[in-house]
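# Per-entry structural report
Here is what each chain is made of, one letter per residue.
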Amino acid sequence: MEFILHTLDHQLERSLKITELDYLNVYKSNELIKSYYNFEQIFDNVVENYYEFEVELLSSSARFIIEGNTDFDWFLFHFSIVVRRLLNVMSTARGYLDQSSSLIKGMLEDPELFQDYDDFKHCLYDEHLGYRVMEALRNYSQHSNLPLKSTSFTTKHSKLSNTSRVTLKPYIKPKNFLNDDKFKASVREELISIGDTVDIKPLLREYIACLGKLHNEARKIIDKKSSSVIEHHNVLSDRYFDLFDYEDDLTFMVLKQSKPNLIEESEYLYTSLDKARKKLRSKNGRIMFIEKLHVSGEVAGED
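Small disclaimer: the values here were computed from a predicted structure and weren't measured. (Residues numbered from 1 in each chain as written. Predicted model: local features only at pLDDT ≥ 70, side-chain atom pairs only at ≥ 80, totals over all residues. Heavy atoms only, no water.)

On to the sheet that holds strand β5 (residues 198-199), then. Across the sheet, three strands lie side by side as β3-β4-β5; this open sheet has antiparallel pairing. A strand with exactly one partner marks an edge of an open sheet, and here the two such strands are β3 (150-158) and β5. Sheet analysis places strand β4 (residues 163-172) next to β5, joined by two bridges and oriented antiparallel. When the sheet's bridge partners are listed, Ile172 is paired in β5 with Val198. (Pairing = 2+ DSSP bridges. Helix = DSSP H or I, 4+ residues; strand = E, 2+ residues; numbered from the N terminus.)

Here is the structure:
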């Protein structure tokens, strides 16, 4: 039995002989890359839905300024969009937490390392009100009612610049949850201590930042355990480039053959999928700081 590394861009004679262990490790590496990519993709779903929520707040505020239409139908229409965006964020966040736990368990294959991840998640929940509120609100919206009571536009005038700032406030009324066991009682009491109405924006931003921190912590644990397995593809391709003095963006596969040109099994190297994973990782790297970052349409330098 012979095992070779081959590229679809070259003739079969330009192949690299590899060991059976190399061949088997490609399968192991591919499985890990698929799981790791899925892990990044489900987190990206959360980020993109959160982005759409924030954009909707700005978009509705801009329309309020431009159109000046304040009838009931106008407010109801924009309220429904904000609610839908928020529901999308909360549902994908819940899906992320559930699915990522399963993916991480599979990638780590180590109960102690997974426990480190799980302990970190519970610490985030205990230490951040935004995490607790959004989890309670998600459960309430899934089993009881819409997550928001209403939205309102607030206008603040600056005498210094003679300009007005318009902000959309999506809010909840904690006392509305008093007779509903679908909203966690301890979290409800925390919200009641804040006031009669609570703006959801800072709480959601804190929650998303927590998920970013959790995701980053999971990456560290996975990398520590699995980086050498994932990099097996690069080790093989580097050996190919060294042998043939050639380097390009090639499509590699490993072949198992019993006789020359008699292929029994083959498997692509998921190098392109791993590059896509790394792009998602880079793209969403700053989300853990989102609670400290705010988008505004104001001229830079204004208070």
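Time to look at the pairing of β3. For β3 and β4, the ladder comprises nine bridges, and the chain directions are antiparallel. The residue bridging Thr151 from the neighbouring strand is Pro170, located in β4. Hairpin connection from β3 to β4: four residues lie between these consecutive antiparallel strands, with Asn162 at a positive phi of about 55 degrees.

This part takes up the packing of aromatic side chains. Scanning all chains against the criterion turns up 20 aromatic pairs. Aromatic side chains Phe64 and Trp74 sit 6.0 Å apart centroid to centroid with 50 degrees between the ring planes, which places their arrangement in the tilted category. Here the residue Phe64 occupies a position in helix α1 (residues 20-67), and Trp74 occupies one in helix α2 (residues 72-108), the gap between them amounting to ten residues. Judged on exposure class, the residue Phe64 and its partner Trp74 are both buried. Ring plane angle 5 degrees and centroid distance 4.3 Å describe the contact between Phe64 and Phe153, whose orientation is recorded as stacked. Of this pair, Phe64 sits in helix α1 while Phe153 sits in strand β3, placing them 89 residues apart in sequence. Here the aromatic cluster, defined as three or more aromatic residues joined through ring pairs, consists of Tyr36, Phe39, Phe43 and Tyr96. Between the NZ or CZ atom of Lys169 and the centre of the ring of Tyr171, over which it lies, the distance is 5.8 Å. (Phe/Tyr/Trp six-rings, centres within 6.5 Å; stacked < 30°, edge-to-face > 60°. Buried < 20%, exposed > 50% of the residue type's maximum accessible area, 1.4 Å probe, protein only. Lys NZ or Arg CZ within 6 Å of the ring centre and 35° of its normal.)

Ranked by internal contacts, the top residues of the largest apolar core, which has 62 residues, are Phe39, Leu137, Ile200, Leu204, Tyr207, Ile208 and Leu211. Counting residues per element, the ones that place at least two in this core are α1, α2, α3 (111-127), α4 (129-143), β4, α5 (185-194) and α6 (201-230). Among the elements that make up this core, the one with the highest residue count is α2 (14 residues). Beyond its immediate sequence surroundings of up to four residues, Leu137 is in contact with Met90, Pro147, Ile172, Phe177, Phe183 and Ile200. Counting residues in hydrophobic clusters, the runner-up holds 14 residues, among them Leu5, Leu16, Ile18 and Tyr23. (Core = buried A, V, L, I, M, F, W, Y, C linked by side-chain atoms within 4.5 Å. Contact = heavy atoms within 4.5 Å.)

Strand order in the open sheet formed by four strands is β2-β1-β6-β7, and the pairing between neighbours is antiparallel. Two strands close off the open sheet at either side, each with one partner strand: β2 (16-18) and β7 (262-268). Across the sheet, the axes of successive neighbouring strands diverge by a mean angle of 30 degrees, strand direction being ignored. Where α1 meets the sheet, it contacts β1 (2-7), β2, β6 (252-259) and β7, and its direction lies at approximately 40 degrees from that of β7. Of the strands in this sheet, β1, β2 and β6 are in contact with helix α7 (residues 232-244), which crosses β2 at around 140 degrees. (Axes fitted to C-alpha atoms, helices over the stretch in contact; angles between N-to-C directions.)

For the rest of this paragraph, the subject is the pattern of salt bridges. This structure, assessed with the given rule, holds 21 salt bridges. Between Arg132 and Glu190 there is a salt bridge, and its shortest N-O distance comes to 2.7 Å. Here Arg132, found in helix α4, pairs with Glu190, found in helix α5; they are 58 residues apart in sequence, far enough to count as distant. For Glu190, a relative accessible area of 27% gives the class partly exposed. Where salt bridges share partners, they join Glu231, Asp274, Arg277 and Lys278 into one cluster. (Salt bridge = Lys/Arg side-chain N within 4 Å of Asp/Glu carboxyl O.)

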